[in-house]
Amino acid sequence: MEKYVELKETLELLNVEDPAERLANLAIVLGEEKEAPEVKPQYANNHIHTCYSFSPYSPTAAVYMARAEGLQTAGIMDHDSIGGAIEFRKAGKIAGMGTTCGMECRASLAQTRLAGRKLNNPDQAGVAYMAIHSVPATGFARLQEVFAPLREKRNLRNRKMVENINRLMEPYGISLDFDRDVVPVSCYQVGGSITERHLLYALSKKIMDRAGREACGGFVEEKLGIPLTEKQKVQLSDATNPHELYDLLGVMKAQLVEKIYIPATEECILFGDLVKLADEVGAILCYPYLGDVTNSVTGDKKAAKFEDDFLEELFEMLKEEGVRGITYMPARNTPEQIERLQALCRKYDMTEISGEDVNTSRQSMICPQLAKPEFQHLVEMAWKLVEREKDYPV
């Protein structure tokens, strides 16, 4: 309990509003450190979200948490924004860690051979999530410039989804206001994005206020008609659970997105334009492999089929379009899926990059699988990305 209180107080310092103050606080916190965390060089993570998309951590806090778990290198990866990258790089320098910067977005497949197909986006066919890895500091401003109007278009859709949420929640006396409830839990005002997670996080806060922490699980099952697993029941009835809000968010994301979702159209950059943009800024554009899902590790994805039935055709399309890499999360796939994916990466000469998608307080920054020999090249690649970017200081 004492360690939890200490961590909570530290995170409050590293999550203050002003980035310069966050960085100054990091220097103070590390300067007062009595013992450095155990170093675990067998691990790396290139896919850590921050408050510039959705996360309990500022870029500074994300670096601190990665270091606290033993990482020596870490990578930022926010949705539709690379606004936190300069702070992330500076925090890494203070902490003595290697950093790599990127962002992810959705791209329209309309002008590709896989137009209309369902790939790695659980919510919408014809649109693919893509990861822009290893962006030099010289490319940050350009990416922010391109995605600023797309974030605005996304907010038009976000407002309509809030209306859908309010229609669903009206019988229970719960309603959201986009400007009062959603925008304040984001970094939209300083170049961040607002995602479906922000909407459902704001909703989760309202549900907890309405039901009370200990009765939250009962409200979700009895009022909203959402079945919970035994694990979720325990999590959502424990008033001492420090992750309860994020646990509830996970349930909401898994169960409500399909009821409130409005297809993304104008906010999605064309696939070919994204390839050109990544090349322009000197980044490595990667396709994030999801793979058919059976039991979701993070609890926010239903069992579903994605790319596995036409994986080689997907690789052919990626190669044709000029995509240079594949990113994947070893913890989320079966050994058979990984073995097949790696073989195709070798066949089509695709760079392999890994990172565990961290965006809640319950998640670890470490993927245990990376300690296995068959994944050590992913750790080595993380350091290659760091080296690739270090000649472009911020």
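Participant: Go over the side chain of Asn155, please, and point to the residues and values.
Facilitator: Relative to the helices and strands, Asn155 is located in helix H5 (residues 140–169). When its relative accessible area of 6% is taken as the criterion, Asn155 is described as buried. Filtering out sequence-adjacent residues up to four positions away, Asn155 remains in contact with Phe178, Tyr188 and Ile194.

Participant: Give me the lowdown on the environment of Leu109, citing residues and values where you can.
Facilitator: Mapped onto the elements of the fold, Leu109 is located in the loop between strand E3 (98–108) and strand E4 (127–133). Residue Leu109 is classed as buried on the basis of its relative accessible area, which comes to 0%. Distance in space between the C-alpha atoms of Leu109 and Leu277 is 16 Å, their sequence separation being 168 residues. When near neighbours in sequence (up to four residues on either side) are disregarded, Leu109 contacts Leu114, Ala115, Arg117, Leu119, Gly126, Val127, Ala128, Phe271 and Met317.

Participant: Summarise the pairing of strand E6 (residues 284–288); cite the residues concerned and give the values.
Facilitator: Of all five residues that make up E6, five are buried, and the element is covered over most of its length. The alternating pattern of E6 places Ile284, Cys286 and Pro288 and Leu285 and Tyr287 on opposite faces, both of which are buried. Note that E4 and E6 share three bridges and pair antiparallel. Bridge assignment links Ala131 to a residue of E6, and that residue is Cys286.

Participant: Give me the pairing of strand E1 (residues 45–48): which residues, what numbers.
Facilitator: Relative to strand E2 (residues 73–79), E1 runs parallel, the two being bridged by two bridges. What sits directly across from Ile48, in E2, is Ile76. Crossover handedness for the path E1 to helix H3 (residues 59–68) to E2: right-handed.

Participant: Which residues make up the nonpolar core, and what values go with them?
Facilitator: Considering soluble globular proteins, one finds that nonpolar side chains tend to be buried as a cluster. Core analysis: the biggest nonpolar cluster contains 77 residues, and Ile132, Phe147, Leu274 and Ile326 have the highest contact counts within it. Not counting the four nearest positions on each side in its chain, Ile132 is found in contact with Met77, Cys101, Gly102, Met103, Cys105, Leu143, Phe147, Leu274, Ala278, Ala283, Ile284 and Leu285. Formed by 38 residues, the second largest nonpolar core is a distinct cluster that contains Ile194, Cys216, Val220 and Ile260.

Participant: With reference to specific residues and values, describe the side chain of Asn164.
Facilitator: One can find Asn164 in helix H5. A distance of 3.0 Å separates a polar side-chain atom of Asn164 from the backbone oxygen of Ile260. What Asn164 contacts, discounting residues up to four positions off in sequence, is Ile260 and Ile262.

Participant: Give me helix H13 (residues 335–347): which residues, what numbers.
Facilitator: The end-to-end C-alpha separation of H13 is 18 Å, in line with the 18 Å expected for 13 residues at 1.5 Å each. Among the residues of H13, Gln337, Ile338, Leu341, Gln342, Leu344 and Cys345 are the ones counted as buried. Relative to the axis of H13, the buried residues are bounded by an arc of 160° and lie together on one face. Those residues of H13 that are exposed and angled more than 90 degrees off the buried face are Pro335, Glu336, Glu339, Arg346 and Lys347. Contact partners of the buried residues in H13: helix H12 (311–321), strand E7 (325–328), strand E8 (351–354) and helix H14 (376–389). Positive backbone phi, at 55°, marks Asp349, one or two positions downstream of H13.

Reading the values: rules and limits
- Residues numbered from 1 in each chain as written.
- Predicted model: local features only at pLDDT ≥ 70, side-chain atom pairs only at ≥ 80, totals over all residues.
- Heavy atoms only, no water.
- Helix = DSSP H or I, 4+ residues; strand = E, 2+ residues; numbered from the N terminus.
- Buried < 20%, exposed > 50% of the residue type's maximum accessible area, 1.4 Å probe, protein only.
- Contact = heavy atoms within 4.5 Å.
- Pairing = 2+ DSSP bridges.
- Right-handed = clockwise from strand over helix to strand, strands pointing away.
- Core = buried A, V, L, I, M, F, W, Y, C linked by side-chain atoms within 4.5 Å.
- Polar contact = N/O pair within 3.5 Å; in protein donor to acceptor, adjacent residues only side chain to side chain.
- Expected span 1.5 Å × (residues − 1).
- Arc of directions from axis to C-beta.

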